[in-house]
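These are the residues of each chain, in order.
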Amino acid sequence: DLIKDICDIYKTSLENTVYVGDDLFDLDLLKIVGHAYCPLNSCPDILRLPNVRVLPVEGGKGVVAYLFDSLVQSGFVDNVSLSDILSIDKLEIY
C-alpha cells in the first residue's frame, strides 16, 4: 500500500495520518486514517462515513485553511508558521 509506504517514510502511523477526500476514490483511505476530513460538497458516500469530519467549506474554497485551524484547535499540530509549513512541504517525496 502506498499510504503505508508514506507512513514508513515519515515515521508515523495510520492513526496519526490526516487525509482529506471528497469522492469515491477517497473512501478506502478515509476509512483507515486516524484523522479523516472532507469538504462540505463531498459525495454522499463520503459525507455518511462516521469517522469523517466535514469541514464547513466547499472544495477549493479554503479547505486547507479550515483543516489547519481544526488540527491546531484539536491539539493535533502546534500552531506553526507558514514558513514552517512550506519547509515541510519541500520534503514531499511523492
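Residues numbered from 1 in each chain as written. Predicted model: local features only at pLDDT ≥ 70, side-chain atom pairs only at ≥ 80, totals over all residues. Heavy atoms only, no water.

1. Observations concerning the nonpolar core
With 9 residues, the main nonpolar core is built from Leu27, Leu30, Val33, Ala36, Cys38, Cys43, Ile46, Leu49 and Val52. Among the secondary structure elements, those contributing two or more residues to this core are helix 2 (27-32) and strand 2 (35-38). Among residues more than four places away in sequence, those in contact with leucine 27 are Asp45, Ile46 and Leu49. (Core = buried A, V, L, I, M, F, W, Y, C linked by side-chain atoms within 4.5 Å. Buried < 20%, exposed > 50% of the residue type's maximum accessible area, 1.4 Å probe, protein only. Helix = DSSP H or I, 4+ residues; strand = E, 2+ residues; numbered from the N terminus. Contact = heavy atoms within 4.5 Å.)

2. Some points on the confidence of the model for the chain
Averaged over all residues, the pLDDT of the chain is 87; the fraction at 70 or higher stands at 87%. Looking across the chain, the model is least confident in helix 5 (residues 82-89), with a mean pLDDT of 64, and most confident in helix 3 (residues 44-47), with 97. (pLDDT = per-residue confidence, 0-100.)

3. Some words on the side chain of histidine 35
You can see histidine 35 is positioned in strand 2. Ignoring sequence-local partners within four residues, the contact set of histidine 35 consists of Glu15, Asn16, Thr17, Val18, Tyr19, Arg53 and Phe76.

4. Some points on the state of the cysteines
Within this structure, the stated rule accounts for 0 disulfides. Free cysteine cysteine 38: the closest other cysteine sulfur is in cysteine 43, separated by 8.5 Å. Overall, cysteine 38 belongs to the buried group, its relative accessible area being 0%. (Disulfide = S-S within 2.5 Å.)

5. Considering the pairing of strand 2
Alternating positions in strand 2 separate into two faces, His35 and Tyr37 on one and Ala36 and Cys38 on the other, with burial throughout. Pairing of strand 1 (residues 18-20) with strand 2 involves 3 bridges; the strand directions are parallel. Looking at strand 2, one finds that tyrosine 19 is bridged to alanine 36. In this region the chain leaves strand 1, passes through helix 2 and returns to the parallel neighbour strand 2; the handedness of that crossover is right-handed. As paired strands, strand 2 and strand 3 (residues 52-54) are joined by 3 bridges and run parallel to one another. Bridge pairing in strand 3 links alanine 36 to valine 52. (Pairing = 2+ DSSP bridges. Right-handed = clockwise from strand over helix to strand, strands pointing away.)

6. Observations regarding the sheet that holds strand 2
In space, the 3 strands of this open sheet follow the order 1-2-3, with parallel pairing throughout. In this open sheet, the two edge strands, each paired with only one partner strand, are strand 1 and strand 3. Ignoring which end each strand starts from, the neighbouring axes of this sheet average 30° apart. Packing against the sheet, helix 4 (residues 63-74) makes contact with strand 1 and strand 2, and its axis sits at approximately 150° to strand 1. (Axes fitted to C-alpha atoms, helices over the stretch in contact; angles between N-to-C directions.)

7. Regarding the environment of lysine 31
Here lysine 31 shows up in helix 2. Lysine 31 sits 15 residues away from isoleucine 46 along the chain, and the two C-alpha atoms are 9.5 Å apart. Setting aside anything within four residues of it in sequence, one finds lysine 31 in contact with Leu49 and Asn51.

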